[in-house]
Amino acid sequence: MMNSSFDLKNIFSSLSTALDFTYSGLSSHHKRVALMSLKLARRMGLPQDRIKNLFISAIIHDIGAVSMREKEILGELEILDPYAHSEMGYQMVKNVKFLEPVSCFVRSHHDAWRGDNPSGLRGDRIPLESRIINAVDRLDVLINRRQNILEQPQKILRRLKSIAGTIIDPDIMVELADLAGAEGFWLDLEYGSLSDLLCAQTEDFEISIENNMLLDVSLLFSGVIDKKSIFTHRHSRLVAASAFKIAGISGFSVEDSQKMLVAGLLHDLGKLGVPEKILEKPDRLSPEEFRLIKRHTYYTHRILDKIKGFEEINRWASFHHERMDGAGYPFRLKAESIPIPSRLMAVADVFSALAENRPYRRGLPGNKLMGILDEMTGSALDPQAVKVLKDNYSSFEELLENEDPLSQPLA
Ligand SMILES: [Fe+2]
Ligand SMILES: [Fe+2]
Ligand SMILES: [Fe+2]
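Residues numbered from 1 in each chain as written. Chains lettered and ligands numbered in written order. Predicted model: local features only at pLDDT ≥ 70, side-chain atom pairs only at ≥ 80, totals over all residues.

### Concerning the overall build of the protein chain
Now for step 1: What the protein chain contains, in helices and strands, is 23 helices and two strands.
Now for step 2: Each principal axis of the C-alpha atoms in the protein chain carries an extent, and together these give about 65 × 45 × 40 Å.
Now for step 3: Counted over contacts in the protein chain with a minimum sequence separation of 6, partners at least 24 positions apart contribute 68%. (Helix = DSSP H or I, 4+ residues; strand = E, 2+ residues; numbered from the N terminus. Contact = placed C-beta atoms within 7 Å.)

### Focus: the domain arrangement of the protein chain
Now for step 1: Per the domain assignment, the segments making up the protein chain are domain 1 (8-201) and domain 2 (213-410).
Now for step 2: One C-alpha centre belongs to domain 1, the other to domain 2, and the line joining them spans 33 Å.
Now for step 3: Across the contact, 19 residues belong to domain 1 and 18 residues belong to domain 2.
Now for step 4: Partitioned by chemical class, the residues of the side of domain 1 that touches domain 2 number 13 nonpolar, five polar and one charged. (Domains from an automatic or database assignment. Nonpolar A, V, L, I, M, F, W, Y, C, P; charged D, E, K, R; others polar.)

### Topic: helix α2 (residues 29-43)
Now for step 1: Counted at 1.5 Å a residue, the expected span for α2 with its 15 residues is 21 Å, and the 21 Å between its end C-alpha atoms agrees.
Now for step 2: Most of α2 sits out of view: 13 of its 15 residues are buried.
Now for step 3: A positive backbone phi angle near 75° is found at Gly-45, which sits one or two residues after α2. (Expected span 1.5 Å × (residues − 1). Buried ≥ 20, exposed ≤ 12 C-beta atoms within 10 Å, placed from the backbone.)

### Re the packing of helix α14 (residues 254-266) against helix α18 (residues 311-318)
Now for step 1: Packing of α14 against α18 leaves a shortest axis separation of 8 Å and a crossing angle of 50°. Judged by the angle between their axes, α14 and α18 are oblique. In the packing of α14 onto α18, the handedness of the crossing is right-handed. For the pair α14 and α18, contact is made by Lys-259, Met-260, Val-262, Ala-263 and Leu-266 and by Glu-312, Ile-313, Trp-316 and Ala-317, respectively.
Now for step 2: Residues that form the contact of α14 with α18 fall into these classes: seven nonpolar, no polar and two charged. (Axes fitted to C-alpha atoms, helices over the stretch in contact; angles between N-to-C directions. Parallel < 35°, antiparallel > 145°, perpendicular 65-115°, else oblique. Left-handed = near helix turned anticlockwise from the far one by under 90°.)

### Some details on helix α17 (residues 295-304)
Now for step 1: Taken together, the buried positions of α17 are occupied by His-296, Thr-297, Tyr-299, Thr-300, Ile-303 and Leu-304. Along α17, the residues classed as buried sweep out an arc of 155° about the axis, all on the same side. (Arc of directions from axis to C-beta.)

### Remarks on the packing of α2 against helix α9 (residues 170-179)
Now for step 1: Between α2 and α9, the least distance of the axes is 10 Å, while the angle of their chain directions is 105°. In terms of orientation, α2 and α9 fall into the roughly perpendicular class. Counting all contacts with α2, which are made through Lys-39, Leu-40 and Arg-43, the residues of α9 involved are Glu-175, Leu-176 and Leu-179.
Now for step 2: A class-by-class count of the residues in the contact of α2 with α9 yields three nonpolar, no polar and three charged.

### Quick notes on unusual backbone geometry
Now for step 1: Residue Tyr-329 is joined to Pro-330 through a cis peptide bond whose omega torsion reads 5°.
Now for step 2: Structurally, Pro-330 is set in the loop between α18 and α19 (340-355).
Now for step 3: A positive phi angle is found at Ser-28, which is not glycine, with a value near 60°.
Now for step 4: Counting through the fold element by element, Ser-28 comes out in the loop between β2 (25-26) and α2.
Now for step 5: Of note, the phi angle at Arg-332 is positive, near 50°, even though the residue is not glycine.

This is how it looks when you write it as structure tokens:
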């Protein structure tokens, strides 16, 4: 796979943005937790290889909290059930081979110091990395975004100290209180460009990307996207598999076909910014709801835009609702500005969406599906791109038969 040129720190930091959509907008929770974790770890003298893994686990620690509803609950100081999303995140991360070593840090990031955790761990048997994330995570939820941050340290530290020894590690509390004595520590948390601060904080190490790591990370995030709704439980995988097949038929190079696969997996990344009740709505969307849906490709574009080396993948992924007649969203691009792979992706997306069940209808059979494709050809979809699908329809139907459409391409 097109390795080497990518920087995993950059990829994780950008993709984490997608995990931080809330009802009130972007929260940057993962970036703040990663930033504070690194500062704390350096202060405590953690060796660099551990700092790397701490960074990765901190920047995705809440990956198991998929819906906005779930994320909202995590904003409370004492969460009723902090373990569901930790266990879910653990399962998701453990599935990715190269992330196996950090999966237990994700699992234990809410483990209480006093014990009684599903992991069975207590006290200093809980991984230090998890204890660090737990402490700074609790600090982050105590910040009142509507109040001057420099008015808050005393109150926040007092509350944190009240759970030291029960929820959080008392020794880490001491270190954190010292660190938080500096105004700069707090001002960093509300600074506009957290990505820059994170870059500076991770400057002295590289996490190089090898073999299939880019694909693995894309699979991990596509899992989060698809979990948003039971109706889309395999949508990203089906679009990716279809796009990969289309690329193969169209004579793309191996490298470009793999880019199509990654672009397919991430094309709906921005859906994490759309409340799930809209994605699950059983009847027609109101104009206002449709406008909310339209944000998703914009978000996909902005998030992927921050990843060096993703220029093509970004266009192929985030232009999938642009139309040949220029009436698509979010950029209303004219046909000549829509690259061929993006047009193919649009066809892969329409095919997948029509073949899948939706809250308001069952998946469509081949003849009906092709009828709709015909209607969309020319105005919305590129005739050449539709032809690739129709001429090879039976091989696309095969993808629908597998519970996992990617089992073939990934074999
Ligand atoms: Fe959490
Ligand atoms: Fe968190
Ligand atoms: Fe979409």
